[in-house]
Amino acid sequence: MLQSLAGSSCVRLVEQHRSAWCFALLVLGYLLYLLFGAVVFSSVELPYEDLLRQELGKLKQRFLEEHACLSEQQLEQFLMRVLEASNYGVSVLSNASGNWNWDFTSSLFFASTVLSTTGSYGHTVPLSDGGKAFCIIYSVIGIPFTLLFLTAVVQRIIVYVTRRPVLYFHIRWGFSKQVVAIIHAMVLGFITVSCFFLIPAAIFSVLEDDWNFLESFYFCFISLSTIGLGDYVPGEGYNQKFRELYKIGITCYLLMGLIAMLVVLETFCELHELKKFRKLFYVKKDKEEDQVHIMEHDQLSFSSISDQAASMKDDQKANEPFVNSQSPTSNDSSLNN
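Residues numbered from 1 in each chain as written. Predicted model: local features only at pLDDT ≥ 70, side-chain atom pairs only at ≥ 80, totals over all residues. Heavy atoms only, no water.

Per an unreviewed UniProt entry, the protein chain goes by Potassium channel subfamily K member 1 and derives from Rhagologus leucostigma. As stated in UniProt under Sequence similarities (unreviewed entry), the record for the protein chain gives "Belongs to the two pore domain potassium channel (TC 1.A.1.8) family." (UniProt positions renumbered as here; feature names shortened; annotations may be inferred.)

Structure below.
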């Protein structure tokens with residue numbers, strides 16, 4: 001008997017704190033996923049970094065041996081200045097691109113990456129203090145404005161792309177709404193991946209001389225997922241043809257791709273199964289608290305009504321002496337008549 005009572009009490013305790021346990025497991029899983037990513041990236045990339053360091057050290061040593069008149073300190077000063085200028089897109093190489101980093105098309109591309117929070121690409125960053133200050137003010141106002149714009153666009157598109165097709169197949173053909181929603185989400189995701197990842201990656205691999213298909217797909221994913229590492233910059237190749245038109249096209253591609261990604265995410269978030277899964281990690285509202293809030297709201301409304309009634313009674317009382325004072329004279333005059 002005692003064991004059954006203890007077991008039932010444990011079950012009740014677990015059910016009461018189910019969301020807290022799920023949230024704790026979510027936090028633990030996220031931390032483990034971070035550690036897993038750090039271990040994998042370190043084990044994969046660290047050997048390549050070591051090889052690159054050894055290669056650069058050998059090149060530096062060979063250069064100093066061939067040019068004995070140049071000291072190591074002078075060479076390092078020259079290289080530091082060259083690398084500092086290279087970080088801002090200015091190169092001393094003869095085969096470097098002669099395009100400006102802050103012409104109109106490059107500035108338009110930079111503004112789109114700032115407002116969409118994808119991050120700057122390459123070396124297009126503000127150099128002056130005025131440009132840095134304006135970038136801060138422009139971002140503070142523009143990022144919420146962009147979020148409002150994207151939210152409004154996505155909410156309008158998802159009505160025609162997701163909700164109406166699902167209701168059409170559910171009502172017209174009699175299929176289960178949940179099954180139709182899952183199939184629709186999978187089809188929409190496949191179309192989005194094809195139109196905004198696979199096909200653009202193939203186009204970038206043709207237009208960019210130094211990019212293969214994997215690097216092009218990597219650029220599309222990093223850009224549309226708003227990670228924006230900036231290690232691959234389109235349209236910066238040597239003697240790039242139609243560079244201005246190319247930059248404008250990439251700007252339009254990023255905005256349209258970001259909208260498509262948000263539509264797909266919103267479609268998946270509306271699935272019934274995902275809604276049930278997300279509720280496992282949310283704090284459940286207590287019904288008693290909701291009733292208390294309703295009672296407080298009703299009391300406030302009743303008190304406001306009683307206050308209005310009391311004020312109306314006060315107004316009537318204030319007007320009653322005037323009416324009573326006038327009534328006897330009127331009665332006397334009527335009697336005299």
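**Student:** Please provide a residue-by-residue account of helix 2 (residues 18-66), values included.
**Tutor:** A rise of 1.5 Å per residue sets the reference length of helix 2, with its 49 residues, at 72 Å; its end C-alpha atoms lie 71 Å apart and thus fit the reference within 8%. Taken as a whole, helix 2 carries its principal kink of about 35 degrees at E45; the proline P47 stands between one and four residues after it. Inspection of helix 2 places S19, C22, G37 and L64 among the buried residues, and these make up the whole buried set. (Helix = DSSP H or I, 4+ residues; strand = E, 2+ residues; numbered from the N terminus. Expected span 1.5 Å × (residues − 1). Bend = angle between axes of the 7 residues up to and from the residue. Buried < 20%, exposed > 50% of the residue type's maximum accessible area, 1.4 Å probe, protein only.)

**Student:** Mind laying out the nonpolar core, listing which residues take part and the relevant values?
**Tutor:** Counting 14 residues, the largest nonpolar core has F196, F204, C220, L224, I250, Y253 and L254 as its most contacted members. For this core, the secondary structure elements donating two or more residues are helix 6 (177-207), helix 7 (213-224) and helix 8 (243-269). At 5 residues, the largest contribution of residues to this core is made by helix 8. L150, V154, I259 and V264 belong to the second largest nonpolar core, which has 7 residues in total. (Core = buried A, V, L, I, M, F, W, Y, C linked by side-chain atoms within 4.5 Å.)

**Student:** Quick rundown of the packing of aromatic side chains? Include the residues and the values.
**Tutor:** Working definition: an aromatic ring pair is given by the centre-to-centre distance plus the angle between the planes. Counted under the stated rule, the structure contains 13 aromatic pairs. On the basis of an interplanar angle of 85 degrees and a centroid distance of 5.2 Å, the ring pair of F204 and F219 is categorised as edge-to-face. Taken as a pair, F204 in helix 6 and F219 in helix 7 lie far apart in primary sequence, 15 residues in all. For F219, a relative accessible area of 2% corresponds to the buried category. (Phe/Tyr/Trp six-rings, centres within 6.5 Å; stacked < 30°, edge-to-face > 60°.)

**Student:** Hey, could you go over the layout of surface pockets for me, with residue numbers and the actual values?
**Tutor:** Its boundaries defined by the atoms lining it, the second largest pocket holds a volume of some 280 Å³. If you trace the second largest pocket, you find 14 residues lining it, with V166, K177, A181, E270 and L271 closest to the centre. Only helix 5 (129-172), helix 6 and helix 9 (272-279) provide two or more residues apiece to the lining of the second largest pocket. A class-by-class count of the residues in the lining of the second largest pocket yields 4 nonpolar, 5 polar and 5 charged. (1 Å grid on protein atoms, 1.4 Å probe; cavity = no way out; pocket = protein on both sides within 12 Å on 5 of 7 lines; lining within 4 Å. Points joined across faces, edges and corners; volume = space filled by probe spheres on them. Nonpolar A, V, L, I, M, F, W, Y, C, P; charged D, E, K, R; others polar.)

**Student:** So what about a positive patch on the surface? Which residues, and what values?
**Tutor:** On the surface, K177, K275, R278 and K279 cluster together to form a positively charged patch. Of the residues forming the positive patch, the biggest block, 3 residues, is contributed by helix 9. Mapped onto the elements, K177 comes out in helix 6. (Patch = residues over 30% accessible without salt bridge, like charges linked within 9 Å, V, L, I, M, F, W, Y side chains within 5 Å. Areas by Shrake-Rupley, 256 points an atom, 1.4 Å probe, with all protein chains shown as cover. Salt bridge = Lys/Arg side-chain N within 4 Å of Asp/Glu carboxyl O. Lys, Arg positive; Asp, Glu negative; His and termini not counted. Charge placed at Lys NZ, Arg CZ, Asp CG, Glu CD.)

**Student:** Any details on the UniProt feature "transmembrane region" (unreviewed entry) in the protein chain? Residues and values, ideally.
**Tutor:** Those places that UniProt annotates as "transmembrane region" (unreviewed entry) correspond, in this numbering, to residues 21-44, 136-158, 179-204, 216-233 and 245-265. When the span residues 136-158 is considered, its composition is 100% helix and 0% strand, and the gap between its end C-alpha atoms is 32 Å. The distance separating the terminal C-alpha atoms of residues 245-265 is 30 Å; by composition the span is 100% helix and 0% strand.

**Student:** So what's going on with the environment of F268? Residues and values would help.
**Tutor:** Position of F268 relative to the elements: it lies in helix 8. Under the relative-accessibility criterion, F268 is labelled partly exposed at 26%.

**Student:** Outline the packing of helix 5 against helix 8, supporting the account with residue identities and numerical values.
**Tutor:** The geometry of a pair of packed helices is captured by two quantities: the angle between their axes and the separation between those axes. Across the interface, helix 5 lies against helix 8 with an axial gap of 9 Å and an inter-helix angle of 60 degrees. Taken together, the axes of helix 5 and helix 8 lie oblique to each other. The hand of the helix 5/helix 8 crossing is right-handed. Of the residues in helix 8, those in contact with L150, V153, V154, Q155, I157, I158 and T162 of helix 5 are L258, I259, L262, V263, E266 and T267. Of the residues assigned to the contact of helix 5 with helix 8, the class counts are 9 nonpolar, 3 polar and 1 charged. (Axes fitted to C-alpha atoms, helices over the stretch in contact; angles between N-to-C directions. Parallel < 35°, antiparallel > 145°, perpendicular 65-115°, else oblique. Left-handed = near helix turned anticlockwise from the far one by under 90°. Contact = heavy atoms within 4.5 Å.)

**Student:** Lay out the environment of L167 in plain terms, naming residues and giving numbers.
**Tutor:** Position of L167 relative to the elements: it lies in helix 5. By relative accessible area, which is 37% here, L167 ends up partly exposed. In sequence terms L167 and A181 are 14 residues apart; their C-alpha atoms lie 9.0 Å from each other.

**Student:** Can you explain the pattern of salt bridges? Please cite residues and give values.
**Tutor:** Inspection of every chain in the model, using the stated rule, returns 4 salt bridges. The salt bridge partner of R53 is E49, with a shortest N-O separation of 3.1 Å. Remark: E49 and R53 occur in helix 2; sequence separation between them is 4 residues, near one turn of the helix. Given a relative accessible area of 57%, R53 falls into the exposed group. Classification of E49 as partly exposed rests on a relative accessible area of 37%. The structure contains a network of salt bridges with shared partners spanning K60, E72 and E76.

**Student:** Can you tell me about the packing of helix 4 (residues 104-115) against helix 5, naming the residues and giving the values?
**Tutor:** Axis separation between helix 4 and helix 5 bottoms out at 9 Å; the angle between their running directions is 60 degrees. One way to sum up the angle between helix 4 and helix 5 is to call them oblique. Across the interface between the two elements, F110, A111, V114 and L115 of helix 4 pack against C135, Y138, S139, G142, I143 and T146 of helix 5. Looking at the contact of helix 4 with helix 5 residue by residue, the class counts come to 7 nonpolar, 3 polar and no charged.

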